[in-house]
Amino acid sequence: MKTARKFQAITLFPDMFKGIFENSMMWKAQKDQHVELSTVDLREFGLGPRRQVDDTPYGGGDGMLLMVEPLWSAITSAKEADPTAKVLLMTPRGQRWKQSLAQSYADSGQGYIFVCGRYEGYDERILELVDEEISVGDYVLTGGELPAMTIIDSIVRLIPGVLGGETSAVIESFSDGETLEFPQYTRPEDFNGLKVPDVLLSGHHGEIAKWRKQNSKKAV
Ligand code: 4FN
């Protein structure tokens, strides 16, 4: 009997994950025991009666940092649920996420713990517990939750059996590195005078392939 891989997200905003964890692909992946998705509420590991999780930086500076103790306790708690899980820190300093990483994470069979930051970042000492630092791109975000959801989505859809016959040849050609993304059309043939290119209606598969190649954009 196979046991589902655990994907746990440590966050101050567990509700943000609800819509994502309950979408149809994620729902089916969980029902079929491919994955078990859960959140760990960082607030529960906060210090004192106020459940404090953030404090001002030593040496001065604007804003607040996530304190090491609550993060340490939350990660330790998640590790107890899945001792072999890899801890992934969502940070703009991390390695840029890409399709080939999504593929290897999907193939790994590992559980993952996604640590999502808030405020201005983390107390550096949390890196002692971190296996990988990951970024989804170079822009300012309010928190690591959207990156974690993006990464979870990109991994789960690659777990064998999660998407039945729904894997697209278009997308597969993308992940091959050739990276072709060509213009596509569906009905109607003519929308207020905006027409579908004749070649796509011609049924000449060779000509269609040629047209798509000529009109492909190279991503990256
Ligand atoms: N962001 C930049 C420089 C300095 C700060 C940030 C920034 C959320 C906790 C981190 C951002 C982007 C991609 C996590 C950005 C990501 C985050 C991510 C992220 C709150 C501290 C913060 C030079 C990149 C513009 C806020 C650059 N992938 N700080 O966004 O967590 O995972």
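Residues numbered from 1 in each chain as written. Predicted model: local features only at pLDDT ≥ 70, side-chain atom pairs only at ≥ 80, totals over all residues. Heavy atoms only, no water.

**Q** I'd love a proper account of the overall build of the chain, names of residues and values included.
**A** A tally of helices and strands in the chain yields 8 helices and 11 strands. Its C-alpha atoms give the chain a radius of gyration of 22 Å, clearly above 17 Å, the size a compact globule of 220 residues would have. Principal axes of the C-alpha set define a box for the chain whose edges measure 70 × 50 × 30 Å. When each of the 220 residues of the chain is scored for burial, the buried share is 38%. If you take every contact in the chain between residues at least 6 apart in sequence, the share linking residues at least 24 apart comes to 76%. Summed over all atoms, the accessible surface of the chain reaches about 13300 Å², with 52% contributed by carbon and sulfur. (Helix = DSSP H or I, 4+ residues; strand = E, 2+ residues; numbered from the N terminus. Rg over C-alpha atoms; globule rule 2.2 N^0.38 Å. Buried < 20%, exposed > 50% of the residue type's maximum accessible area, 1.4 Å probe, protein only. Contact = heavy atoms within 4.5 Å. Areas by Shrake-Rupley, 256 points an atom, 1.4 Å probe, with all protein chains shown as cover.)

**Q** Account for the nonpolar core, naming residues and giving values.
**A** With 49 residues, the main nonpolar core has Phe 7, Ile 10, Met 90, Phe 114, Val 115, Ile 152 and Val 156 as its most contacted residues. Elements supplying a minimum of two residues to this core: β1 (5–11), α2 (24–31), β2 (35–41), α3 (68–81), β5 (86–96), α4 (99–108), β6 (112–115) and α5 (145–156). Here the element with the most residues in this core is α5; it accounts for 6 residues. Each residue touching Phe 114, except ones within four places of it in the same chain, is listed here: Phe 7, Gln 8, Ala 9, Ile 10, Leu 88, Met 90, Ala 148, Ile 151, Ile 152 and Ile 155. (Core = buried A, V, L, I, M, F, W, Y, C linked by side-chain atoms within 4.5 Å.)

**Q** Describe α4, listing the residues and the values that go with them.
**A** Turning to α4, its buried residues are Leu 101, Ala 102, Tyr 105 and Ala 106. Looking down the long axis of α4, one finds its buried residues gathered within 135 degrees of arc, a one-sided arrangement. Buried residues belonging to α4 abut β1, β5, β6, β7 (132–135) and α5. One or two residues past the end of α4 sits Gly 109, with phi positive at roughly 75 degrees. (Arc of directions from axis to C-beta.)

**Q** Go over the pattern of salt bridges, please, and point to the residues and values.
**A** Applying the stated criterion across every chain yields a total of 8 salt bridges. As a salt-bridge pair, Lys 18 and Asp 15 come within 3.3 Å of each other at their nearest N and O atoms. For Lys 18, a relative accessible area of 47% puts it in the partly exposed group. For Asp 15, a relative accessible area of 54% puts it in the exposed group. Linking Glu 124 and Arg 93 is a salt bridge whose minimum nitrogen-to-oxygen distance equals 3.1 Å. One end of the pair, Glu 124, is in the loop between β6 and β7; the other, Arg 93, is in strand β5, with 31 residues separating them in the sequence. (Salt bridge = Lys/Arg side-chain N within 4 Å of Asp/Glu carboxyl O.)

**Q** So, the layout of surface pockets: which residues are in play, and what are the values?
**A** Counted as a void, the largest pocket has a volume near 460 Å³. Around the largest pocket, the lining comprises 29 residues; the ones closest to its centre are Met 90, Thr 91, Pro 92, Gly 121 and Tyr 122. Counting residues per element, the ones that place at least two in the lining of the largest pocket are β5, β7 and α5. Of the residues forming the lining of the largest pocket, the biggest block, 5 residues, is contributed by β5. Taken together, the residues of the lining of the largest pocket sort by class into 15 nonpolar, 8 polar and 6 charged. Listed by contribution, the elements that provide at least two residues to the lining of the second largest pocket are β4 (65–66) and α3. (1 Å grid on protein atoms, 1.4 Å probe; cavity = no way out; pocket = protein on both sides within 12 Å on 5 of 7 lines; lining within 4 Å. Points joined across faces, edges and corners; volume = space filled by probe spheres on them. Nonpolar A, V, L, I, M, F, W, Y, C, P; charged D, E, K, R; others polar.)

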